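In case you want the letters, here they are:
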Amino acid sequence: MGQSHLLPILGLLFFSLIPNQLCKICGSNLSSGQLALITLALGACRTADEIFIYENHLLGHLENKLQAEIENMKAHDGSPLTNYYQLGLGVLALCLFRGQYSTSQVAELFAPENKNYYFHGQFTVDTGAMAVLALTCVKRGLINGQTKTDKKDLRSIDDHIQSLVKKILSEKKENGLIGNTFSTGTAMQALFVSSDHYKESEWNCQQTLDTILKEISQGAFTLPAAAAQVLTTLMGKTYLDVDKDFSCASGLGNFNIPSHEPDTTTPPNSPTNISVHYSVKISEIYSTTITVPSGSVFLDVMEEARKKNETVFGFTVEQSSWGPYITSVQGLKANNNDRTYWELLSNGRSLSQGVGNYVVHNSEGLEVRWSKY
Ligand code: CBY
């Protein structure tokens, strides 16, 4: 059997194990979404790993993590400890592996007008798509429900799915991407499981798939987190399939990923050094010009700037599954309760890659901006 058959599942596993090793799974420093991903990954391999979920009471831990998210929402004007993408992952894992949750509470939390679906007033496809997956799982469990409450929750969850699917489809771009390159895989999964909520003519799946395959061949999915999400989708699977009766060793069909074309953005005889404008914006703007080797990433520029002036350009960074994440600049710390963060921009446009991946260009205007989402 070709190795490619194992990729989606292994990808999910790899992705989820990055934040911590297996032995630390029960550690309380995992966020709700990280614990949910680990549970999903273990559940996908129907072997001793699945027993591990129950022996270590992972679902009980996850219920507590979700409770803490909800408590934080009560105390901080509706902002969870982490974010709604992670809440979606948590509900999905609990639903798939029969943990405890209240369907009425889920219906209430995931109403499409909730502020947590929006950053800067803009609907976030990643978050909406994860919610559709979670709500669809909950909906399937309610379909045979007898009580009046079940029927009411079912109707409300169905309405939410309908409205979220509409919002996801309205983020479809001309080339077929939904949201951006990195949200498209999850958006496709949401559309796979909710096909009774839109007409066939509303989405050209093949066009979206072709664009994603092109982006893969251009090296857009080298981050394990990005690859794991999109591989599941490319296999025609969704996160709702992880509790299905297939083992890691069973054949999943054939799939060929196009080979990585060499990067043509830096011709061999291009100058070895480039210079960029770099600024930190709080209410005032602090700017400088930085010279770095060509091929450098955003983080390299920030490090050079810090060497020049620690007070103005000093920053802190944390590792996340998507690579380094900027947590503070000039000592000013991002805070989920206030919905503040350090936004990355190039020539005034918000970037869709993090500081560790975005490759900078000559004479570009880079900015880290104190923002509210
Ligand atoms: N995952 C999470 O908890 C993250 C959920 C997510 C919706 C995520 C995107 C999607 C995903 N698939 O994981 C998300 N980002 C969130 C919630 C956030 C907010 C985090 C704070 C919180 N409340 O938890 C916030 C602050 C709005 C945010 N993302 C900021 C940023 C910027 C980071 C800058 C920095 N300080 O370092 C940045 C770089 C956008 C910018 N221009 O400033 C950013 N995110 C990006 C680009 C991304 C994408 C990463 C793509 C890539 N190739 O690196 C992303 C996939 C993701 C990770 N963010 Co956020 C969205 C996208 O482009 N489709 C669960 C956990 C278990 O892993």
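Residues numbered from 1 in each chain as written. Predicted model: local features only at pLDDT ≥ 70, side-chain atom pairs only at ≥ 80, totals over all residues. Heavy atoms only, no water.

## What to know about the UniProt feature "domain: Transcobalamin-like C-terminal" (unreviewed entry) in the chain
Moving on, step 1. UniProt feature "domain: Transcobalamin-like C-terminal" (unreviewed entry): in the numbering of this structure it lies at residues 295-371.
Moving on, step 2. Taken end to end, residues 295-371 comprises 19% helix and 40% strand; its first and last C-alpha atoms sit 27 Å apart. (UniProt positions renumbered as here; feature names shortened; annotations may be inferred. Helix = DSSP H or I, 4+ residues; strand = E, 2+ residues; numbered from the N terminus.)

## So, the packing of aromatic side chains
Moving on, step 1. Under the criterion given, the structure shown has 14 aromatic pairs.
Moving on, step 2. With centroids separated by 5.7 Å and ring planes inclined at 80 degrees, the aromatic side chains of tyrosine 84 and tyrosine 117 adopt a geometry described as edge-to-face. Note that tyrosine 84 is positioned in helix α5 (residues 84-96) and tyrosine 117 in the loop between α6 (103-109) and β1 (118-119), a separation of 33 residues in sequence.
Moving on, step 3. Here the aromatic cluster, defined as three or more aromatic residues joined through ring pairs, consists of Tyr84, Phe110, Tyr117, Tyr118 and Phe123.
Moving on, step 4. It is arginine 306 that lies over the ring of phenylalanine 315; its NZ or CZ is 4.1 Å from the centre. (Phe/Tyr/Trp six-rings, centres within 6.5 Å; stacked < 30°, edge-to-face > 60°. Lys NZ or Arg CZ within 6 Å of the ring centre and 35° of its normal.)

## Topic: the pattern of salt bridges
Moving on, step 1. Tallied over the full model, the rule gives 6 salt bridges.
Moving on, step 2. With a closest N to O distance of 2.8 Å, aspartate 158 and lysine 139 form a salt bridge. With aspartate 158 in helix α8 (residues 148-169) and lysine 139 in helix α7 (residues 125-142), the pair connects residues that are 19 residues apart, well separated along the chain.
Moving on, step 3. Its salt-bridge partner being lysine 307, residue glutamate 304 comes within 2.9 Å of it at the nearest N-O pair. Of the two residues, glutamate 304 and lysine 307 both sit in helix α12 (residues 298-308), 3 residues apart, roughly one turn of that helix.
Moving on, step 4. Given the relative accessible area of 29%, glutamate 304 is considered partly exposed.
Moving on, step 5. Each of the salt bridges in this network shares a partner with another, and the network as a whole consists of Lys139, Asp158 and Asp196. (Salt bridge = Lys/Arg side-chain N within 4 Å of Asp/Glu carboxyl O. Buried < 20%, exposed > 50% of the residue type's maximum accessible area, 1.4 Å probe, protein only.)

## Some points on the pairing of strand β4 (residues 285-293)
Moving on, step 1. In this structure, strand β3 (residues 273-281) lies alongside β4, joined through 9 bridges in antiparallel fashion. For serine 279, the partnering residue across the bridge sits in β4 and is serine 287. (Pairing = 2+ DSSP bridges.)

## A look at the site of the ligand
Moving on, step 1. Close contacts around the ligand come from 30 residues, with Gln86, Asn180, Leu344, Leu351 and Tyr373 the closest.
Moving on, step 2. Between the ligand and the protein, one listed contact pairs a nitrogen atom with a side-chain N or O atom of aspartate 126 at 3.1 Å.
Moving on, step 3. One of the side-chain N or O atoms of glutamine 229 is found 3.1 Å from a nitrogen atom in the ligand.
Moving on, step 4. For the shell around the ligand, the secondary structure elements donating two or more residues are α2 (32-44), α5, α7, β6 (323-329) and β8 (340-346).
Moving on, step 5. Take the shell around the ligand: its biggest share by element is 4 residues, from β8.
Moving on, step 6. Per-class residue counts for the shell around the ligand are 13 nonpolar, 15 polar and 2 charged.
Moving on, step 7. Residue-level mapping places the shell around the ligand at the junction of two domains, with at least three residues from each of domain 1 (3-254) and domain 2 (273-372). (Near = heavy atom within 4 Å. Polar contact = N/O pair within 3.5 Å; in protein donor to acceptor, adjacent residues only side chain to side chain. Nonpolar A, V, L, I, M, F, W, Y, C, P; charged D, E, K, R; others polar. Domains from an automatic or database assignment.)

## Looking at the domain arrangement of the chain
Accessible area lost during the coming together of the parts is what is often quoted as the interface size.
Moving on, step 1. Domain boundaries assigned for the chain yield domain 1 (3-254) and domain 2 (273-372).
Moving on, step 2. Contact residues are listed per partner, giving 18 residues for domain 1 and 12 residues for domain 2.
Moving on, step 3. For the domain 1 and domain 2 pair, buried surface summed over both sides reaches about 1,200 Å², with 52% attributable to carbon and sulfur atoms.
Moving on, step 4. Three residues stand out in domain 1 for area buried against domain 2, namely His120, Phe182 and Leu223, and they jointly supply 39% of the buried area on that side. (Contact = heavy atoms within 4.5 Å. Buried area = accessible area lost by both parts, 1.4 Å probe.)

## Focus on the packing of α2 against α5
Moving on, step 1. Axis separation between α2 and α5 bottoms out at 8 Å; the angle between their running directions is 35 degrees. By crossing handedness, the relation of α2 to α5 is classed as left-handed. Of the residues in α5, those in contact with Ser32, Gly33, Gln34, Ala36, Leu37, Thr39 and Leu40 of α2 are Gln86, Leu89, Gly90, Leu92, Ala93 and Leu96.
Moving on, step 2. Looking at the contact of α2 with α5 residue by residue, the classes come out as 7 nonpolar, 6 polar and no charged. (Axes fitted to C-alpha atoms, helices over the stretch in contact; angles between N-to-C directions. Left-handed = near helix turned anticlockwise from the far one by under 90°.)

## Remarks on helix α9 (residues 184-193)
Moving on, step 1. In terms of burial, α9 is largely enclosed, as 9 of its 10 residues are buried.
Moving on, step 2. Along α9, the positions that sit buried rather than exposed are Thr184, Gly185, Thr186, Ala187, Met188, Gln189, Ala190, Leu191 and Val193.
Moving on, step 3. Buried residues along α9 sit against α7, α8, α10 (205-217) and α11 (224-234).

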